[in-house]
Structure formats: structure tokens, C-alpha cells
Amino acid sequence: MYTIDGQGWLQPTKHCASPNYNSRPLATEIDLLVIHNISLPAGQFGGEYVEALFCNRLDCAAHPSFSELINLEVSAHLFIDRDGAVTQFVSLHDRAWHAGVSRFQDRENCNDFSIGIELEGTDTLPYTGNQYEQLAAVTRALWDYFPALTSERIVGHSDIAPLRKTDPGPAFDWARLRRLLAVN
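These numbers come from a predicted model, not from an experiment. (Residues numbered from 1 in each chain as written. Predicted model: local features only at pLDDT ≥ 70, side-chain atom pairs only at ≥ 80, totals over all residues. Heavy atoms only, no water.)

Visitor: Just checking my understanding: could you explain the nonpolar core for this structure?
Guide: Across soluble globular proteins, nonpolar side chains have a tendency to be buried as a group. The biggest cluster of nonpolar side chains holds 28 residues, and the ones touching the most others in it are Ile117 and Leu142. Taken together, the elements giving at least two residues each to this core come down to strand 5 (32–38), strand 6 (78–80), strand 11 (114–120) and helix 2 (129–145). Residues contacting Leu142, with those up to four places away along its chain left out, are Ile4, Leu33, Leu92, Ile115, Ile117 and Leu149. (Core = buried A, V, L, I, M, F, W, Y, C linked by side-chain atoms within 4.5 Å. Buried < 20%, exposed > 50% of the residue type's maximum accessible area, 1.4 Å probe, protein only. Helix = DSSP H or I, 4+ residues; strand = E, 2+ residues; numbered from the N terminus. Contact = heavy atoms within 4.5 Å.)

As C-alpha cells, this is what we get:
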């Protein structure tokens with residue numbers, strides 16, 4: 001079971017503070033959860049590349065595909081690896097840089113009012129049972145802490161940036177997540 005402390009840090013998890021965040025607009029209610037996927041290099045799992053990217057420590061010479069990441073400043077609030085280990089990069093009170101140009105319903109700039117969770121994965125490879133279990137546990141903690149965050153307000157990156165993004169992709173089992181959250 002997870003809890004969230006007064007500074008917006010999920011406990012117990014690994015914390016690795018990213019510099020890629022800023023303050024949310026004043027009086028912003030957090031009411032959206034955005035699910036993403038990431039793997040570095042694409043389709044490869046494990047290692048420290050994702051953490052290095054989110055903390056601006058990625059050696060972009062380490063792999064040819066990393067050349068497109070030079071000077072990229074991105075982050076997510078949380079990352080869940082293939083084993084289900086959770087790492088937090090940005091306080092939940094702050095604005096992580098995960099959504100980019102985005103829109104949900106009639107609101108733009110989803111980073112302002114959302115929590116971003118990255119799953120280690122790709123659009124086309126199944127996610128692990130451990131990832132679903134931990135995602136559900138984290139989501140329940142978020143629901144307890146942010147009352148405006150509801151089951152109807154859990155979306156994929158592709159839902160808020162459909163012309164730019166495809167994640168978490170067709171491999172993500174939304175019905176499985178709903179079952180774990182006991183949401184019909």
C-alpha cells in the first residue's frame with residue numbers, strides 16, 4: 001500500500017529528483033492521470049537509461065537512437081519498470097514535463113493538471129502483471145489524495161495528444177486495469 005506525504009512524494013518508493021519540472025498554475029486541481037510508455041533504447045528494458053533521461057544525465061553517445069534526445073528535458077512523476085518497481089521523479093504537487101502539447105476535453109496543457117506515469121514498455125509488447133498491480137496500487141493512493149481524480153479521468157498519452165503520440169498503445173490492457181481497480 002502506498003501513501004503520499006505532505007510534500008507530494010509517494011511512499012515507499014525510490015526517489016530520484018528530476019530538474020525537469022516547474023510549478024503548477026495557482027489553484028490548479030489535479031484531476032487527470034496520464035499513462036505513458038517508454039523504453040530506452042526502444043524495445044529494450046532494464047538499465048538506467050530512463051532514469052538518466054529524466055534526470056538530464058543520459059549519455060546521448062551511448063546508443064545511436066539517443067541522438068534525437070540531445071538537450072531534451074522531459075520527466076514524469078512516476079516510472080514503473082517491468083518488475084513493478086516504482087521510481088518517483090517529480091513531486092505530485094509540481095508540474096512534470098510529460099504530456100507536451102496536449103488537450104483533455106476543453107483544457108489544453110495537460111501537464112498543468114495531470115499526473116504522468118510512465119510504464120517501461122512499448123505500444124506492441126504486453127505489459128507485465130507486476131506493472132498492472134503496481135499501477136493499480138499507485139492509482140488507489142492517488143485517488144485517496146486527489147479527490148477530483150476519478151476512474152473516468154485516467155487516459156493514455158494518445159488520448160490527449162492523438163496526432164503526436166500512440167502510447168501506451170494497443171498492448172495496454174485497459175480492461176485489466178479497470179478490473180484491478182474494481183471499476184466497471
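Visitor: How should I be thinking about the sheet that holds strand 11 in this particular structure?
Guide: Adjacent strands of a sheet form backbone hydrogen bonds with each other and so pair up, either parallel or antiparallel. Taken together, the six strands give an open sheet; going across it, the order is 3-7-6-11-5-12, and neighbouring strands pair in mixed fashion. The outermost strands of the open sheet, each flanked by one partner alone, are strand 3 (14–15) and strand 12 (154–156). Across two bridges, the pairing between strand 3 and strand 7 (residues 86–88) is parallel. Opposite Lys14, over in strand 7, you have Thr87 as the bridge partner. Its contacts with the sheet put helix 2 on strand 5, strand 6, strand 7, strand 11 and strand 12, and the angle it makes with strand 11 is roughly 170 degrees. (Pairing = 2+ DSSP bridges. Axes fitted to C-alpha atoms, helices over the stretch in contact; angles between N-to-C directions.)

Visitor: What is the right way to look at the packing of aromatic side chains in this model?
Guide: Describing an aromatic ring pair means giving the distance of the ring centres and the angle of the ring planes. Applying the stated criterion across every chain yields a total of seven aromatic pairs. Pairing Tyr49 with Phe66 gives two aromatic rings, centres 4.9 Å apart and planes at 75 degrees, and the pair type is edge-to-face. With Tyr49 in helix 1 (residues 49–54) and Phe66 in the loop between helix 1 and strand 6, the pair connects residues that are 17 residues apart, well separated along the chain. A residue is classified by how much of its surface remains accessible, and Tyr49, at 30% relative accessible area, is partly exposed. Between Phe172 and Trp174, the aromatic rings sit 4.6 Å apart at their centres with planes inclined by 70 degrees, giving edge-to-face as the arrangement. For Trp174, a relative accessible area of 24% translates into the label partly exposed. Above the ring of Phe113, the side-chain terminus of Arg107 is found at 3.6 Å from the ring centroid. (Phe/Tyr/Trp six-rings, centres within 6.5 Å; stacked < 30°, edge-to-face > 60°. Lys NZ or Arg CZ within 6 Å of the ring centre and 35° of its normal.)

Keep in mind these numbers describe shape, not what the thing actually does.
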